[in-house]
Every structure is written in structure tokens, then in C-alpha cells.
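The chain contents come next:
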Amino acid sequence: MPYPPLVLLGPSLYSGSAKGPGACCLGCQGDWLKDKLGCVATLISIPADPWSSLIDRDLPQGDPWGWLYSQLLLESRLLARKVLQGQAGPGWRQLVAADLEELRRTWRQLASTHPLEDLGLRAPHPAEQAAREVLMSGDPEALFSLYRHFGYAPFDRCSAFRYDGELHVVPDPDAVSFADLVGCEEQNRLLRRNVERFLNRQPSLSTLLYGARGSGKSSAVKALRTAYAAQGLRLVEITPEGLGSLHLLLEELRLLPQRFVLYLDDLSLSSVNPMVHLLRGLLEGGVHRKPDNLLVIATSNRRNVVSESWRDRPDPDAGPHAWDDLQDQLALADRFGLVLTYPPLDQERYLAIVSHLLRRPLDPELHRAALRFALEGRGFSGRTARQFVDWL
């Protein structure tokens, strides 16, 4: 007997969709679900208004209808998670086969009755190309293989994210290159070796990059995405607002085939901040095991990460437990297996970075201008060097 097209609903962490930030995902059905979940995703759902979907989307060069329906396959989050959990039994194959056939029928009908020339100019991403081949074949096993290899949108082709309780795609991430980071080559070599072990599924260490402001810590983390995104590395910056719901993000990422760096920038907490305990659980693992596809990298201006003031110190006559509690709070940095120190820049290193960024030696006039720019209160740092070059 024929099976009806499959429509499944489930919660989403994402703040936006193909319809724009804050919009509900394609095929959202039921106000009561929207009230409860905020946003829902459908599986292999045919949009009610495919014309609007074409306008809203970033499509590759070629048949727009084919690329639209290929992207719909990659947006089938709940089906993809069912496959990644290893729970897609034979009955799922029957249901998915019916859905694929309906999708293919609609695609062929639209392409025949409303043929369109290219709407996009870019080349397809590998995941889109693979999804197009699944659409053409109509093979459920090929679709399942697609999810095992690429996961699902937006992780299939986006490489930079920000999490503040909701997951946001960073559409134009900073493409920092390690070649532009001068004066911290040894630190970056050790950082890259650790991340390459992580990508190769070898033992790797949570990492703390410690040093003065402008010493290249944050740029080094961003350069990891530039260097390794093609190998499946994804960078997720965690804001302070996102720490309280981090367990939701971990559950979302746990099943995906990509490898995720959780990036905590400029980490500095007071000793009484409850987030100290959340971070300890993330670094060491608690009741919920930390996903194997996740690596924590933090930057901080403080070696101990947790700030300490005199009023935090127990009274001298306090019992040993009070001092034990303080040391326990201040030992957060010890949970990082790899601590890399990025030293502050001196005048010579600052000028070397300016020369490197300009791709030429500094003549006397540029030498004086670069020094004057730094000594106006900005200080010697890689950030100042970049600002000076941008100012020229």
C-alpha cells in the first residue's frame, strides 16, 4: 500500500531558518507546538509556497528547483538524528522511500511546468552535491549515508556559530590565517598539533590560551576554523548567556559527524560565580559524558581564570574547609590539560608584525608612524599592528 508523505516535528535550537532570523522553519505546523517549542523543523516536507522558498535561499548555480529540494533533504533534522542514533529500522526506509518519491515528483513537475535559469552563481557545497545525487536516485539508503557523512543543516556547510542559549550561524566569519600571526609560532604549533589530534580522533586536551590583551590568543582560535573547516572542524563561540543552557547544545552536537571546538573568549569569572561549577563539569565531565566530538578552548587574561580578591579569602581563624573551598574555586585552570602562554609584545615584535602585515620592510617614515600610533595609548600588540595597517 502507498505511504503518505512523512511529516515529523521536533524542537530546534536555531534562532533563524531559510526565511530569515527569528522565522519559523519551513513547514511549521500547529500554533500550540510553536507556543511550546518556539520553532519546529519538518522532515522532507514540501513547502507550501516554493516560489517564496526560492527567493529566500542561497542556491548554487544550476536548476533552482533541484537545489531547493536538495537543501530540503539536508534540513530534515529529526530524520537525520534518527539515522545518526542508529534507530532507523526497515519501516523508516519504507516511509522515507515514499517521501522521497513525493519530493521527486514535485521537483520534476515544477522543473517541467516552470523551468528557470540559474538563480545562484556559486558552486555547490559537497553536502549539497551529495544531496542532489540522493534526490536524483530516490534511494533511502543513500539518504541515510548522506546524514552519516554530512549530518544536517546548518552544520553541513556552515563552520562558525555563536551560542547564547540559541544557536546562531555566523554568516561571514573572520578568516584569520596562521600565516598572519607573528611572534607566537611555537604556541600556535602546539595548539595546532592538539587540534589535529582531535580531528584524527586521537586523545586531545582541553586548552587554555593565557596572555595579555592583543597578544594573538583569540586570533589563533579563529585561525583554527580557517585552517581546518574543510576537514570538518566547526567553531562555536559560547557567550556568558549561553553557559546556563550548555547541556542543550551538547546534546545537539553529540550525534553529528563534525568536530566542534567550543570557544570561550576572554574567560574571567568571580570566585562566587555559579558558572565555575558548570565549566568544571564541562571540562571534567559530570553525570552527562562530554561528547567525543567536542573540544573546549578558552582564552583568558588571567592564569587562574577565576578572579580572587582579598574579601574572598576566609578569615584566618576559619576552618580548613573554608580554605579548601577557595582553592577548589581557583583551580579551574587546572582542568585544562594544555595551557599555552602568549607573551605580551615588545617594540621589536610589534614592528615585525606591522612589516609582515604590510608585506614589505618598514622605511624610516613608516617606522616612526607605527611607533607613534602604538605610543598614543594603544600599546604594543598584534591588535594595534592590525589597526595601524588598516588605518594607513
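For the structure itself, look to the data block above.
Everything in this summary refers to the structure shown in the same document. (Residues numbered from 1 in each chain as written. Predicted model: local features only at pLDDT ≥ 70, side-chain atom pairs only at ≥ 80, totals over all residues. Heavy atoms only, no water.)

A look at empty space enclosed by the protein
Counting across every chain of the model gives one cavity of 30 Å³ or more. Of the pockets and cavities examined, the largest cavity occupies roughly 30 Å³. Around the largest cavity, the lining residues are Leu264, Leu267, Leu279, Leu282, Leu283, Val296 and Phe336. Broken down by element, the lining of the largest cavity gets its largest block of residues, three residues, from helix H11 (residues 275–284). Residue classes in the lining of the largest cavity are distributed as seven nonpolar, no polar and no charged. (1 Å grid on protein atoms, 1.4 Å probe; cavity = no way out; pocket = protein on both sides within 12 Å on 5 of 7 lines; lining within 4 Å. Points joined across faces, edges and corners; volume = space filled by probe spheres on them. Helix = DSSP H or I, 4+ residues; strand = E, 2+ residues; numbered from the N terminus. Nonpolar A, V, L, I, M, F, W, Y, C, P; charged D, E, K, R; others polar.)

Quick notes on the pairing of strand S8 (residues 233–238)
In terms of residue burial, S8 counts as a mostly covered element, since five of its six residues are buried. Relative to S8, strand S5 (residues 160–163) runs parallel, the two sharing four bridges. Bridged to tyrosine 163 within S8 is isoleucine 238. For S8 and strand S9 (residues 259–264), the ladder comprises five bridges, and the chain directions are parallel. Residue pairing across strands places arginine 234 opposite phenylalanine 260, the latter belonging to S9. The handedness of the S8 to S9 crossover, carried by helix H10 (residues 246–253), is right-handed. (Buried < 20%, exposed > 50% of the residue type's maximum accessible area, 1.4 Å probe, protein only. Pairing = 2+ DSSP bridges. Right-handed = clockwise from strand over helix to strand, strands pointing away.)

Details of helix H5 (residues 90–113)
Look at H5: 35 Å from first C-alpha to last across 24 residues, which is about the 34 Å you get at 1.5 Å a residue. Turning to H5, its buried residues number three or more, namely Trp92, Val96, Ala98, Asp99, Leu100, Leu103, Arg104, Thr106, Trp107 and Leu110. As for H5, its buried residues are in contact with helix H2 (50–56), helix H3 (64–74), helix H4 (77–84), helix H6 (126–137) and helix H7 (140–150). (Expected span 1.5 Å × (residues − 1). Contact = heavy atoms within 4.5 Å.)

Comments concerning the layout of surface pockets
The calculated volume of the second largest pocket comes to roughly 560 Å³. For the second largest pocket, the lining is made up of 27 residues, of which Leu181, Gly216, Ser219, Gly382 and Arg383 are closest to its centre. Of all elements in the fold, only helix H9 (217–228), helix H13 (347–358) and helix H15 (382–391) reach the threshold of two or more residues within the lining of the second largest pocket. Top contributing element to the lining of the second largest pocket by residue count: H9, with four residues. Within the lining of the second largest pocket, the residues separate by chemical class into eight nonpolar, nine polar and ten charged.

A short note on the side chain of serine 245
By secondary structure assignment, the location of serine 245 is in the loop between S8 and H10. Here the side chain of serine 245 touches tyrosine 163 through a polar contact of 2.9 Å, side chain to side chain. Residues contacting serine 245, with those up to four places away along its chain left out, are Tyr163 and Gly165. (Polar contact = N/O pair within 3.5 Å; in protein donor to acceptor, adjacent residues only side chain to side chain.)

Remarks on the nonpolar core
Leu143, Leu146, Val236, Ile238, Leu249 and Leu262 are the most contacted members of the largest nonpolar core, which has 55 residues in total. If you tally residues by element for this core, the top one is H3, at seven residues. Once residues lying within four places of it in the same chain are set aside, the contact partners of leucine 262 are Val236, Ile238, Leu249, Leu250, Leu253, Leu282, Leu294, Leu295, Val296 and Ile297. (Core = buried A, V, L, I, M, F, W, Y, C linked by side-chain atoms within 4.5 Å.)

Digging into a nonpolar patch on the surface
A cluster of nonpolar residues, Trp51, Leu116 and Leu119, forms a patch on the protein surface that exposes about 270 Å² of accessible area. Inspection of the secondary structure puts leucine 116 in the loop between H5 and H6. (Patch = residues over 30% accessible without salt bridge, like charges linked within 9 Å, V, L, I, M, F, W, Y side chains within 5 Å. Areas by Shrake-Rupley, 256 points an atom, 1.4 Å probe, with all protein chains shown as cover. Salt bridge = Lys/Arg side-chain N within 4 Å of Asp/Glu carboxyl O.)

Structural notes on the side chain of threonine 384
Among the structural elements, threonine 384 can be located in helix H15. A polar contact of 3.0 Å, which involves the side chain of threonine 384, links it to the backbone oxygen of glycine 379. Beyond its immediate chain neighbours, meaning those up to four positions away, threonine 384 contacts Tyr350, Phe373, Ala374, Arg378 and Gly379.

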